[in-house]
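Now for the letters of each chain:
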Amino acid sequence: MPVKKTAADRKPESRTALVRRARRINRELAEVYPYAHPELDFQNPFQLLVATVLSAQTTDLRVNQTTPGLFAKYPTPEDLAAADPEAVEEILRPCGFFRAKTRSVIGLSKALVEEFDGEVPGRLEDLVKLPGVGRKTAFVVLGNAFGRPGITVDTHFQRLVRRWRWTEESEPDKIEAAVGALFPKSEWTMLSHRVIFHGRRICHARKPACGACPIAALCPAYGEGETDPEKARKLLKYEKGGFPGQRLNPPQSYLDAGGKPAPPLGAG
């Protein structure tokens with residue numbers, strides 16, 4: 001197992017060495033998480049767009065437990081655009097910040113109806129003009145609903161790429177550019193899923209499970225968390241720890257790998 005090095009012990013890493021290490025981490029993560037996927041339930045671009053907006057400041061699980069009721073009542077942009085805000089607020093209350101999120105999802109639905117004939121646009125420059133939609137949300141939609149590569153810089157992604165010293169940038173758009181330069185564009189979407197999966201399951205913010213990490217040998221931050229293998233295994237989350245994941249309706253590949261679907265709202 002790696003030995004924690006101090007800053008004085010580390011030699012500067014060349015650009016070539018950084019690219020090689022980053023790409024090796026990505027390959028290793030692809031083996032660990034062959035079933036990596038977006039952890040929001042959705043059946044079409046509109047559902048993914050709304051769910052991603054709702055996921056701010058809450059868990060994907062909470063969103064997944066909430067959206068079935070929302071989409072059952074308002075299945076299309078036209079339906080949500082014409083909705084009574086108070087009725088939508090009541091549905092979205094479990095997601096937190098429900099008033100602001102109600103304004104966003106009704107506002108973006110109206111924009112879709114008025115400017116895009118009720119269809120979710122497949123261009124970054126169009127998506128970011130919608131209420132409540134930033135680059136992160138836009139890339140989630142582009143990568144997973146339209147198959148267009150993008151890097152999703154959420155809190156997990158930011159934390160891990162800085163721990164791995166892929167970049168020292170702290171602003172999401174600069175992180176996006178720095179990490180994007182390390183990989184072929186075709187890898188961006190799946191890279192995002194793998195990094196986020198790893199951040200949720202093993203490389204946690206407060207107690208990373210270093211002793212159970214499959215890429216420990218490649219990590220400059222090894223030792224920031226629990227290094228004892230037995231203790232580290234107890235920190236694992238979701239399917240790595242034998243617990244349900246975030247989605248009520250996860251992909252079959254995830255279920256085949258031992259993942260468990262999340263319970264619906266109000267269950268247990």
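What you see as residue numbers is a count from 1 along each chain, following the sequence as written. Owing to the predicted nature of the model, reporting of local features is limited to residues with pLDDT of at least 70; listing and counting of side-chain atom pairs is limited to 80 or more, with chain, interface and lining totals taken over all residues. Heavy atoms from the whole structure form the basis of all side-chain values; hydrogens and water molecules are not counted.

This part takes up empty space enclosed by the protein. Method remark: on a 1 Å grid restricted to protein atoms, a set of points is classed as a cavity if a 1.4 Å probe fits but cannot get out and as a pocket if it is open with protein on both sides within 12 Å along at least five of seven lines; lining residues have an atom within 4 Å of a point. Grid points are joined across faces, edges and corners, and a volume is the space filled by probe spheres set on the points. Tallied over the full model, the rule gives one cavity of 30 Å³ or more. The volume enclosed by the largest cavity comes to roughly 120 Å³. Forming the boundary of the largest cavity are 15 residues, of which Cys 203, Pro 208, Cys 210, Cys 213 and Cys 219 lie nearest the centre. Along the lines of polarity and charge, the residues of the lining of the largest cavity split into 12 nonpolar, one polar and two charged. Residue polarity follows a fixed list, in which Ala, Val, Leu, Ile, Met, Phe, Trp, Tyr, Cys and Pro are nonpolar, Asp, Glu, Lys and Arg are charged, and the others, Gly among them, are polar.

Once that is clear, we can look at the nonpolar core. The biggest cluster of nonpolar side chains holds 39 residues, and the ones touching the most others in it are Tyr 33, Phe 157, Trp 164, Trp 166, Val 179 and Phe 183. A run of DSSP states H or I qualifies as a helix once it reaches four residues; a run of E qualifies as a strand once it reaches two. Both are numbered from the N-terminal end. Put simply, the parts of the chain that give this core at least two residues each are α1 (15-32), α9 (155-163), α10 (172-180) and α11 (188-201). Ignoring sequence-local partners within four residues, the contact set of Trp 164 consists of Arg 21, Ile 25, Leu 29, Val 195, His 198, Ile 215, Cys 219 and Pro 220. Counting residues in hydrophobic clusters, the runner-up holds 34 residues, among them Leu 40, Leu 80, Ile 91 and Leu 108. Remark: nonpolar core denotes a set of buried residues (Ala, Val, Leu, Ile, Met, Phe, Trp, Tyr, Cys) joined through side-chain atoms within 4.5 Å. Relative accessibility under 20% of the residue-type maximum defines a buried residue, over 50% an exposed one, and the middle range a partly exposed one, all with a 1.4 Å probe and only protein chains included. Here, residues are in contact when the closest pair of their heavy atoms is within 4.5 Å.

A helix is expected to reach a length of 1.5 Å times the quantity of its residues less one. For α1, spanning 18 residues, the distance from its first C-alpha to its last is 26 Å, which sits close to the expected 26 Å at 1.5 Å a residue. Inspection of α1 places Leu 18, Val 19, Arg 21, Ala 22, Ile 25, Asn 26, Leu 29 and Val 32 among the buried residues, and these make up the whole buried set. Taken around the axis of α1, the buried residues stretch over an arc of 170°, which confines them to a single face. In α1, the exposed positions angled more than 90 degrees off the buried face are occupied by Arg 20, Arg 27 and Glu 31. The inward-facing, buried residues of α1 abut α11. Relevant arc is that of directions from the helix axis to the C-beta atoms, nothing else.

What follows covers unusual backbone geometry. Despite not being glycine, Gln 57 has its phi angle at roughly 60°, a positive value. In this structure, Gln 57 sits in the loop between α2 (45-54) and α3 (60-73). At Phe 97, a residue that is not glycine, the phi angle is positive and equals roughly 50°. Checked against the element boundaries, Phe 97 lands in the loop between α5 (85-92) and α6 (98-116). When its relative accessible area of 56% is taken as the criterion, Phe 97 is described as exposed.

The next subject is the layout of surface pockets. To locate leftover empty space, one rolls a probe as large as a water molecule over the atoms. Space inside the largest pocket adds up to approximately 760 Å³. Taken together, 36 residues make up the lining of the largest pocket; nearest its centre are Asp 60, Asp 154, Thr 155, His 156 and Arg 200. Contributing elements (two or more residues each) for the lining of the largest pocket: α8 (135-145), α9 and α11. The element contributing the most residues to the lining of the largest pocket is α11, with seven residues. By residue class, the composition of the lining of the largest pocket is 11 nonpolar, 18 polar and seven charged.

Let's shift gears to the pattern of salt bridges. The salt bridge criterion pairs a side-chain nitrogen of Lys or Arg with a carboxyl oxygen of Asp or Glu, the two atoms within 4 Å. Under the definition given, this model contains 14 salt bridges. With a shortest N-O distance of 2.8 Å, Arg 21 and Glu 13 are connected by a salt bridge. Judged by its relative accessible area of 39%, Glu 13 is partly exposed. The salt bridge involving Glu 239 is made with Arg 201; its shortest N-O contact spans 2.8 Å. Placement of Glu 239 in the loop between α12 (229-233) and α13 (252-256) and of Arg 201 in helix α11 is noted, with a sequence separation of 38 residues between them. Residue Arg 201 is classed as buried on the basis of its relative accessible area of 0%. Here the salt bridges share partners, and the residues they tie into one network are Glu 39, Asp 60, Arg 200, Arg 201 and Glu 239.

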